[in-house]
Amino acid sequence: MSTHVVSSRWVISLCLFFGLTAPVAAQFVAWTAYGPGGSGNPAGRPGGKHAFVVDAQGNSYVTGTTINSSNLDVLTVKYDPAGNVLWQARYDGPAHGNDAGVALALDANGNLLVAGYGSNGTDNDILVLSYDPKGVQRWVATYDASQGDDRASDIVVDAVSGEAYVVGSSSGSDIITLKYSSSGQILWAMPYDGPAHLNDQAVAIARDVTSGHIAVTGSSLKADGTTDIFTILYDAAGSKLWTKIYNGPANGNDDPVALAFGSQGQIVVAGNSKNAAGNFDYRTIKYDAAGNLLWTAFYAGNAGGSDFASDMTLDVAGNVYVTGRSPTGASLDIVTLKYDAAGAVQWTATYNGSASGDDYAAAIAVDDAGRVAVTGYSSQFAGFVPNDKSPDYVTLLYNAAGVQQWAAPFDGVQRTDSASAVRFDPSGNVLVTGFSSIAGPSQSGGSGADVTEVRTLKYDNAGIRLWSMSAGVEGGFAERYGTAGTATNRRAMATDVHGKFDAAAPPGTGPNWDIRTAKFAPNGTSLWT
């Protein structure tokens with residue numbers, strides 16, 4: 001059953017970035033918005049880098065999971081450009097088992113498509129939900145291959161017709177690509193079983209807006225235990241045009257992480273390949289529209305060890321951007337590369353956090369001006385929060401020449417914070433989503449087990465803090481711990497004309513919850529509590 005959530009519990013984060021020094025501009029959060037909450041993985045978490053979209057009006061959408069008693073529900077949230085929650089929609093399937101959202105897509109009418117999986121009581125089915133611009137559910141569609149788990153990995157939509165295409169794993173070992181009508185009927189289903197007839201995993205799907213062709217990529221297990229990258233091209237009617245298998249030079253594991261179309265129907269796949277030394281390197285592959293291999297490129301860092309790509313995107317000129325992590329001595333750094341359309345490296349940018357700990361990239365985006373945003377997490381920012389060594393968000397902005405413009409850390413409450421997706425809005429602002437762990441309250445005093453909240457941040461295009469706010473949704477935190485949740489859809493933070501702001505938050509320091517109100521100056525100095 002789908003429930004349109006109309007009440008929420010507000011959870012406040014008062015985390016300002018002061019005391020941060022670096023050779024780039026200090027960054028401040030424009031706003032933070034908390035989404036679904038729950039305990040453990042994956043409760044209260046976004047679905048990943050495909051689970052976040054921004055529309056032409058600057059509204060942002062995130063989907064993932066929230067806890068419902070002992071099970072998980074799909075929770076989808078829409079924010080306006082100012083960070084206010086416009087609507088929240090929860091889906092609890094008929095079996096009342098675990099349901100999850102993993103990917104989002106928007107059509108030209110502002111309808112939102114959510115892909116993921118839902119329990120049927122025995123195993124999982126592919127799940128697709130459609131919401132109108134106001135968050136009212138339009139339809140629900142499930143796909144069950146009858147044997148084993150079926151789970152969606154990614155979704156893309158024909159923005160004009162509203163027809164949707166989903167790729168996922170079917171029967172626990174094969175690939176399925178589905179086309180849905182704008183009203184949710186399955187128009188065709190195309191299975192794929194790799195050459196070895198073993199386990200195949202879907203990763204991503206893309207649509208060429210000119211031809212309407214659909215490309216999917218994933219990995220196929222071979223008899224020797226290694227994997228290859230498969231890429232398949234279908235036309236809009238579901239006819240397979242070609243299939244390509246990529247086996248790297250070392251005949252080791254090859255696994256994709258991202259897929260995109262170029263302007264002339266070319267297909268670019270990024271992933272990781274094992275080299276002769278037994279380590280992994282970034283691997284980027286480009287095919288022409290007919291499936292001919294145009295070029296491959298790899299990145300192997302200077303310190304040895306394994307380099308892992310995590311995401312890839314293209315700009316309007318066909319330049320390719322890949323980000324990931326690379327070892328540099330005793331730690332890992334974020335390494336981002338730009339290739340031109342012919343596969344030549346244009347620039348390489350390395351980010352080492354101020355504590356010189358491990359830094360991980362999760363996602364990348366590029367805008368029409370060629371600016372590149374990368375987000376992920378960093379193990380520690382020296383001097384940011386004393387004695388806090390838990391991972392924090394890190395978001396980076398590069399100009400078109402690959403020069404870092406700013407680096408923005410975010411530490412929720414001195415626990416794990418991990419960003420998973422990044423987007424530009426039409427005004428050039430940078431939006432990031434991921435999850436933060438917070439200490440759950442205990443009914444008997446002290447702190448309870450950690451719970452996770454989806455957290456969405458917005459930075460302006462210069463990295464200047466505009467304002468900060470946070471919002472939690474019903475479920476997870478409020479339901480799990482039985483708190484009243486009476487601050488329904490109220491803004492718990494206000495900024496005056498001089499830039500000062502006030503915020504109210506429950507500190508949760510004893511057996512009962514108290515209200516604490518604090519006032520901060522524009523530079524983050526506490527004026528009173």
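Higher on the page you've got the structure.
Predicted model only: the values in this text are computed from it and were never measured.

Undergrad: So, the sheet that holds strand β15 (residues 186–192): which residues are in play, and what are the values?
TA: Strand order in the open sheet formed by four strands is β12-β13-β14-β15, with antiparallel pairing between adjacent strands. On the outer flanks of this sheet lie β12 (151–157) and β15, each paired with one strand and no other. Strand-to-strand twist of the sheet, defined as the mean angle between neighbouring strand axes without regard to direction, takes the value 20°. Note: strand β14 (residues 174–180) against β15, six bridges, orientation antiparallel. Looking at β15, one finds that Leu178 is bridged to Ala189.

Undergrad: Please set out the packing of aromatic side chains residue by residue, giving values where relevant.
TA: Two descriptors summarise a pair of aromatic rings, namely the distance from one centre to the other and the angle between the planes of the rings. One pass over the full model with this rule turns up 14 aromatic pairs. Measuring from ring centre to ring centre gives 4.7 Å for Tyr360 and Tyr377, while their planes differ by 20°; the resulting arrangement is stacked. Here Tyr360 is found in strand β28 (residues 359–366), whereas its partner Tyr377 is found in strand β29 (residues 372–378), with 17 residues between them in sequence. Judged by relative accessible area, which is 24%, Tyr377 ranks as partly exposed. On the numbers, 5.8 Å between centres and 55° between planes, the contact of Tyr393 with Phe410 is tilted. Taken together, the residues Tyr393 in strand β30 (residues 392–398) and Phe410 in strand β31 (residues 404–410) connect sequence positions 17 residues apart. Take Tyr393: its relative accessible area is 0%, and that puts it in the buried class. Counting every residue linked through ring pairs, the aromatic cluster contains Tyr165, Trp188 and Tyr234. Over the face of the ring belonging to Tyr117 we find Arg151, whose NZ or CZ atom lies 4.1 Å from the ring centre.

Undergrad: If you had to explain the pairing of strand β23 (residues 293–299) to someone new, which residues and values would you point to?
TA: Relative to β23, strand β22 (residues 280–287) is paired through six bridges, and the arrangement is antiparallel. Across the sheet, the residue bridging to Tyr287 is Leu293, located in β23.

What counts, and where the lines are drawn
- Residues numbered from 1 in each chain as written.
- Predicted model: local features only at pLDDT ≥ 70, side-chain atom pairs only at ≥ 80, totals over all residues.
- Heavy atoms only, no water.
- Pairing = 2+ DSSP bridges.
- Helix = DSSP H or I, 4+ residues; strand = E, 2+ residues; numbered from the N terminus.
- Axes fitted to C-alpha atoms, helices over the stretch in contact; angles between N-to-C directions.
- Phe/Tyr/Trp six-rings, centres within 6.5 Å; stacked < 30°, edge-to-face > 60°.
- Buried < 20%, exposed > 50% of the residue type's maximum accessible area, 1.4 Å probe, protein only.
- Lys NZ or Arg CZ within 6 Å of the ring centre and 35° of its normal.

Honestly, it's all geometry; don't read function into it.
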